[in-house]
Every structure is written in structure tokens, then in C-alpha cells.
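# Examining the three-dimensional arrangement
These are the residues of each chain, in order.
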Amino acid sequence: MEVGITIQHAYEKQHPWIDLTSIGFSYIIDFSTMGQINRQTQRQRRVRRRLDLIYPMVTGALPKAQSWPVSPVSAASPPAPPCSCPQCVLVMSVKAAVVNGSTGPLQAPTARKNMPPSGAVKLPPPAGPGGKPLDSTGTIRGPVKTAPSQAIRRQASSTPAGATAGSPASPPGANGKNGRVALATLNRTNLQRLAIAQSRVLIASGVPTVPVKNLNGSSPVNPALAGITGILMSAAGLPVCLTRPPKLVLHPPPVSKSEIKSIPGVSNTSRKTTKKQAKKGKTPEEVLKKYLQKVRHPPDEDCTICMERLTAPSGYKGPQPTVKPDLVGKLSRCGHIYHIYCLVAMYNNGNKDGSLQCPTCKTIYGVKTGTQPPGKMEYHLIPHSLPGHPDCKTIRIIYSIPPGIQGPEHPNPGKSFSARGFPRHCYLPDSEKGRKVLKLLLVAWDRRLIFAIGTSSTTGESDTVIWNEVHHKTEFGSNLTGHGYPDANYLDNVLAELAAQGISEDSTAQEKD
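Residues numbered from 1 in each chain as written. Predicted model: local features only at pLDDT ≥ 70, side-chain atom pairs only at ≥ 80, totals over all residues. Heavy atoms only, no water.

Per an unreviewed UniProt entry, the recorded name for the protein chain is E3 ubiquitin-protein ligase, and the organism is Equus przewalskii. Per UniProt, the comment on the protein chain under Catalytic activity (unreviewed entry) is "S-ubiquitinyl-[E2 ubiquitin-conjugating enzyme]-L-cysteine + [acceptor protein]-L-lysine = [E2 ubiquitin-conjugating enzyme]-L-cysteine + N(6)-ubiquitinyl-[acceptor protein]-L-lysine." Database annotation for the protein chain, UniProt heading Subcellular location (unreviewed entry): "Cytoplasm". (UniProt positions renumbered as here; feature names shortened; annotations may be inferred.)

Below you can see the structure in the form of C-alpha cells.
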């Protein structure tokens, strides 16, 4: 802070140069060339003046004031009396300490050149020998870097309500002092209101904003990263305006029972889980016999289940199936070849529901079912539109699954499982494709493919109910988490996910039969 105060007021008092060695910085600021010179390496670099407010005033006891050495420019004119503001007192005391503590006199750089004015401010004739002469228009010309209108706008935007800006003829430091005193008297609420008002002014003037999402929680944009970005942009002289994050809208506005309607073309408004198993009396070998063709002369390649050659016996070491380990079969639809011994073992480790899925291409043979625990699925129309679908109403789906005990088809039979976040609300547009997706989701529900029991990828909790590779939209009026609208590709994507589970338009006809 002392460095900023020193440089700021040395610049305002038109001192040609300043040495900052005594306060821990081994360089000299030359105001005539706007350069910074390292005293040890003599390396130079350009500096520029910031146009925002000066640093806050310091308080406390200060050393005795000392005068600056007379510069070549001011040698011809009578010396002006030293300023008594705290900033200048600090600057002069630091300079005096540097001069008294050095081994020899320092050679001051060339005097600061007078820059062409970009504007003029009318003032009454200044009193004192140090005043500048007036020109023919009665104005004082000086090295002003910003137009008066710009300076006035900047001062107005940074002055809080109730604080009066000082006149141009006020003593040095008076304006900043009054402004900072007024800011110091504001409480936290008023300061926040002032910051919001300034942000609105910046937005209205076309200043680019930096949106910061979910500063109070987890987000792809880390709050610390957002703050660092704002600091770097401010250091580069760029205006920064932090906007409020958009709100997460999970649910629609309240809907009365009379506004809830059934969905045309879809029977009922709810459905419970039905558990389908393979017919009793069929062994795994009898089930797989429908999907396989025996291969008498297998090719010399690996079985992708046991990773042994097809010409050699199966490498599976688990419970022994009743088939011979050297038998090889080919799946009828996709044509992939495996040890029959391996396929039987894979079937025994699954749901044993009479279906088989090729481990290579995922082609499904039979009707695939899952391990979804018992629950209820409700579906109906509500009189609200989703973002991106303003021309239709909304289909709301409500899934309810209670906690319970895992069955023999689950990862840990006999162990309890949890059900977090139920009832879960999901949404579809009431369009032709949206109703098609709903009908296929009903088939997936009946086949127990919507949910499963496993480990949550969000919380890491094990033995809990999780989604089973069929994505749902759980945000009604926003899309902050990626599970909301608008999403032009969602319906097509979920149709592809259902097809990967063996559910298509033909499945609805099979369910009716």
C-alpha cells in the first residue's frame, strides 16, 4: 500500500522521479519517460498510470515532513510550499531518508516532459506563488490523461450516495478523503447495494461480465478460480463485473389435482414393478441352445471370455457346467464364436432370465431384464412447458422405490439397500416423440431396467439404488447440471440408450401380447 501511495502522489505533484529502495524495492520510477529502472541490473520496463481511485489514506504518526530537491523545470519559478496531506508527508519523509542514507548524491533523471492536454477544466485563479498561469480562455492547462467528461463519469460512478464530490479547487487529497470517509461509514448491506449498482452501470455500458456459478457449492467453475480471474483482469486494466449465478429450477410451478391429466394414448397413470424370471425346468444349456450353432472346426483365434484359443479347451475355472469344455458355438445373429462352456458360465452369473447378450457386440438374444428393486412409476400431464418446447405441455414421471433387502439377483443377497432421493421427478415434452419415449420407458420399467442396486458414482455409497444407463431429465426449468432442458438431442439419445437395452417399437407390441 505504501508503494502505491508513494508513486501516486509523487506523480500528482509532478516530481520527475522517485527512488523506492528504502521501502524494499530496488528500482527508480522515472515519470518523464514512464519507465521503471532496476538499480542493480539497470533493466528498464514501461509502466503506466491506473485511472481508478487512489489508494486509501493511512493513519498513525508520520515522520517530519521534508522538501523535495528542486527539479530543473521548477528552478526558474519560486518553490511552492510543501503539501501537508498525509500522503505527501509520507512521500517526502521516505525521500529524505533515501537522500540522508546514501553515500553520494543521486543524479535525477531528466525532467518530466509536459504532455499535450486532452482537456481543460475552468478554475478560479489559484492563490499562492506556486500557481500556474491562466491562458486566454481562463483555464488551467495540465497533463490530464483523461477527458473531463470521462473523469466526471468515473468519479460519479465511484461516489456513494450521500457523499459530495469536492470541487476542482479543493486541496489535494480532499476528494479522495471525503469519498473514503463516506465509504467507511457504510455498512455491509449498503456496500453490497453500491457494488450491485456499479455492476449494473458496467453492464449497461457494454462491459463484458464474468458469470460465476454456484459460489456457495460445488460447480465446474471453482469460486477461487473466479476470484483469481477477476484479480488478473483488474490488474490488466480490464473492468470486471461478477453476475449473479442462474438459479436451479428442479420442479415446475405448483399444480392442482384438477390440472393433472392422463396422457392420450397411454393407459393408466401408474405402474408397479413386475418380476419376470425364466420358466422353471429350463437349464442354461437348454436356454442357450436356441441362440447357438455348433462349430465343428473352430478358427485359430481367442475366445474373448476366457482368452484361451478356441482350438483348446475353455480356461474357465469356476463352477463346472455340464457341457464339455472344448465345445465351440457361434451366436446365430451376430456370428461371434465362443466356448459354449464359457457362455454357460456367463449365463449362470447373470439374471438367468432366459436372455443372452453377446459380450463383444452387445446384441441381445431373447428379452433382457434387469435387477431393479420393487417400486412404483407414475406418469401424467401437467399444464406447463419445458424450455425449448413452448408449443406443448409436459409429461411428468415420478419414480418411487423404498429401501429394502437385496434378493438373490442383487450384488449382496440378504443385505439391506438404501434408496436416496426418492421420489424422483423426471420430465418429457408432450410431443409425438416424447410420448414414444414414455411408452418405451414403461417397457423398460416392466423389464426392471430403469434402476439397479450398486455403488453411486455421485456419492460413492454402495448398496444403494442407482440409475441403470438410461438417462432422465430431472431439471424442469434449467439445465445447470446437464440433466435439464433445453436439449435438442435428448430424445434421440434416450431412444438409442433404450435400443441398447433391447427396447424398441417392436417391444411395445411384444408387451401387449
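## Describing the packing of aromatic side chains
Using the criterion set out here, one finds nine aromatic pairs in the structure. Three or more aromatic residues joined by ring pairs form one cluster here, namely Tyr399, Phe422, Trp445, Phe451 and Trp467. Positioned over the ring face of tyrosine 365 is arginine 333, at 5.3 Å from the centre of the ring. Taking NZ or CZ as reference, arginine 424 lies 4.3 Å from the ring centre of phenylalanine 422, over its face. (Phe/Tyr/Trp six-rings, centres within 6.5 Å; stacked < 30°, edge-to-face > 60°. Lys NZ or Arg CZ within 6 Å of the ring centre and 35° of its normal.)

## A short note on the packing of helix α9 (residues 432–446) against helix α10 (residues 490–500)
Contact pair α9 / α10: the axes reach a minimum separation of 10 Å and the direction vectors enclose 25°. With respect to α10, the axis of α9 lies roughly parallel. α10 is crossed by α9, and the crossing has left-handed handedness. Note on element contacts: α10 touches α9 through Leu491, Asp492, Val494, Leu495 and Leu498, opposite Lys433, Gly434, Lys436, Val437, Leu440, Leu441 and Ala444. When the residues that make up the contact of α9 with α10 are grouped by side-chain class, the tally is eight nonpolar, one polar and three charged. (Axes fitted to C-alpha atoms, helices over the stretch in contact; angles between N-to-C directions. Helix = DSSP H or I, 4+ residues; strand = E, 2+ residues; numbered from the N terminus. Parallel < 35°, antiparallel > 145°, perpendicular 65-115°, else oblique. Left-handed = near helix turned anticlockwise from the far one by under 90°. Contact = heavy atoms within 4.5 Å. Nonpolar A, V, L, I, M, F, W, Y, C, P; charged D, E, K, R; others polar.)

## Digging into the pattern of salt bridges
The final tally for this structure, using the stated rule, is 10 salt bridges. Aspartate 300 is paired through a salt bridge with arginine 309; the nearest N and O atoms lie 3.0 Å apart. Aspartate 300 gets classed as exposed once you look at its relative accessible area, which sits at 56%. Residue aspartate 492 pairs with lysine 433 through a salt bridge whose shortest N-O separation is 2.7 Å. Within this pair, whereas aspartate 492 is found in helix α10, its partner lysine 433 is found in helix α9, the two being separated by 59 residues in sequence. Overall, aspartate 492 belongs to the partly exposed group, its relative accessible area being 40%. Connected through shared salt-bridge partners, Asp300, Asp302 and Arg309 make up one network. (Salt bridge = Lys/Arg side-chain N within 4 Å of Asp/Glu carboxyl O. Buried < 20%, exposed > 50% of the residue type's maximum accessible area, 1.4 Å probe, protein only.)

## Some details on the sheet that holds strand β12 (residues 337–339)
Strand order in this open sheet of three strands is β10-β11-β12, and the pairing throughout is antiparallel. The outermost strands of the open sheet, each flanked by one partner alone, are β10 (292–294) and β12. Here the average twist between neighbouring strands, direction ignored, is 40°. The sheet contact formed by strand β11 (residues 328–331) and β12 spans three bridges and is antiparallel. Residue pairing for β12: lysine 330 is matched across the bridge by isoleucine 337. Relative to β12, helix α8 (residues 340–348) is tilted by about 80°, and along the sheet it contacts β10, β11 and β12. (Pairing = 2+ DSSP bridges.)

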